[in-house]
Amino acid sequence: MLIGLLIAIFISYKKSRIYEYSEVSVNREQSEDVTWSRRHLIVLIGAMSALIIQILYSSLALGAIIGLGIMLLGQTFRFDQLDHLLNNGITSMGYIAFVMLVAAGYGNIMRETGGVEQLVQSLSSLVGDNQLLGAFSMLVVGLFITMGIGTSFGTIPIIATIYVPLAQQLGFTPTATILLVGVAAALGDAGSPASDSTLGPTAGLNIDGQHDHIRDTCLPTFLHYNIPLILIGTLAALLIG
């Protein structure tokens with residue numbers, strides 16, 4: 001991740017991006033210069049409080065209510081703006097939820113039809129006893145499986161039951177097997193158009209309508225995160241054995 005991030009910052013996206021500014025895309029009430037203020041600090045405190053509450057009490061709703069309450073009491077926005085802010089948030093999350101539901105349906109079809117098993121069985125017959133080719137192929141197959149489903153957590157139960165026997169056949173240790181399953185699941189999640197890891201940033205960055213989900217989120221993530229992860233994951237599995 002660090003290597004990919006440095007390549008993206010200093011090489012791939014070193015040049016500044018040119019944005020189009022128009023009367024339609026700029027809110028006149030917020031057109032003044034943006035500087036750090038008390039409001040930003042309160043918003044940051046509200047966001048951190050929401051995260052901490054969610055972790056401590058395992059309640060997404062409670063964390064959201066407390067975070068929103070802190071921002072409201074801190075007067076970061078007017079009370080008459082609350083409906084507008086909530087409606088915009090619900091619209092963005094509704095779109096994300098719809099895409100992830102479609103991806104979940106795809107994953108269920110893959111499981112029920114046995115498509116994943118057939119894919120891995122074909123892979124097993126191709127790689128033979130070659131650990132290098134096997135580790136690399138397992139990660140690539142996991143990448144494509146997870147890209148369609150869009151969640152690493154939902155993919156692990158699918159590929160673990162298939163990858164574990166395959167890893168044992170290739171002579172990988174339990175530690176290397178865990179690494180391969182985890183990396184394979186993370187690969188597709190990072191670059192999948194249906195992942196919350198890509199849909200979330202796009203929902204925030206596309207506020208001006210100039211951020212393309214595939215070109216500006218999925219492809220950069222795929223190139224700068226997935227490719228180094230495949231290479232390093234393969235090397236780590238071989239070194240662990």
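Note that the structure is predicted; figures quoted are calculated from it, not measured. (Residues numbered from 1 in each chain as written. Predicted model: local features only at pLDDT ≥ 70, side-chain atom pairs only at ≥ 80, totals over all residues. Heavy atoms only, no water.)

Right, let's get into a nonpolar patch on the surface. On the surface, Leu2, Ile3, Leu5, Leu6, Ile7, Ile9, Phe10, Ile11, Leu223, Ile227, Leu231 and Ile232 cluster together to form a nonpolar patch covering roughly 1200 Å² of accessible area. Contributing elements (two or more residues each) for the nonpolar patch: α1 (2–12) and α10 (213–240). Per-element accounting of the nonpolar patch gives the leading share, eight residues, to α1. Tracing the sequence through the fold places Ile232 in helix α10. (Patch = residues over 30% accessible without salt bridge, like charges linked within 9 Å, V, L, I, M, F, W, Y side chains within 5 Å. Areas by Shrake-Rupley, 256 points an atom, 1.4 Å probe, with all protein chains shown as cover. Salt bridge = Lys/Arg side-chain N within 4 Å of Asp/Glu carboxyl O. Helix = DSSP H or I, 4+ residues; strand = E, 2+ residues; numbered from the N terminus.)

On to helix α3 (residues 60–73). With 14 residues, α3 ought to run about 20 Å at 1.5 Å a step, and its terminal C-alpha atoms sit 20 Å apart, in line with that. Within the sequence span of α3, burial applies to Gly63, Gly67 and Met71. Seen along its axis, α3 keeps its buried residues to an arc of 65°; they face one direction. Set apart from the buried face of α3 by more than 90 degrees, the exposed residues are Ile65 and Leu73. The inward-facing, buried residues of α3 contact α2 (38–57). (Expected span 1.5 Å × (residues − 1). Buried < 20%, exposed > 50% of the residue type's maximum accessible area, 1.4 Å probe, protein only. Arc of directions from axis to C-beta. Contact = heavy atoms within 4.5 Å.)

Looking at the element boundaries, Thr177 is found in helix α8 (residues 174–191). For Thr177, a relative accessible area of 8% translates into the label buried. Non-local contacts of Thr177, meaning those with residues more than four positions away in its chain, are made with Val164, Ala167 and Phe172.

Under the definition given, this model contains one salt bridge. Here Asp216 ties to Arg215 by a salt bridge, and the two come within 3.7 Å at their closest N and O atoms.

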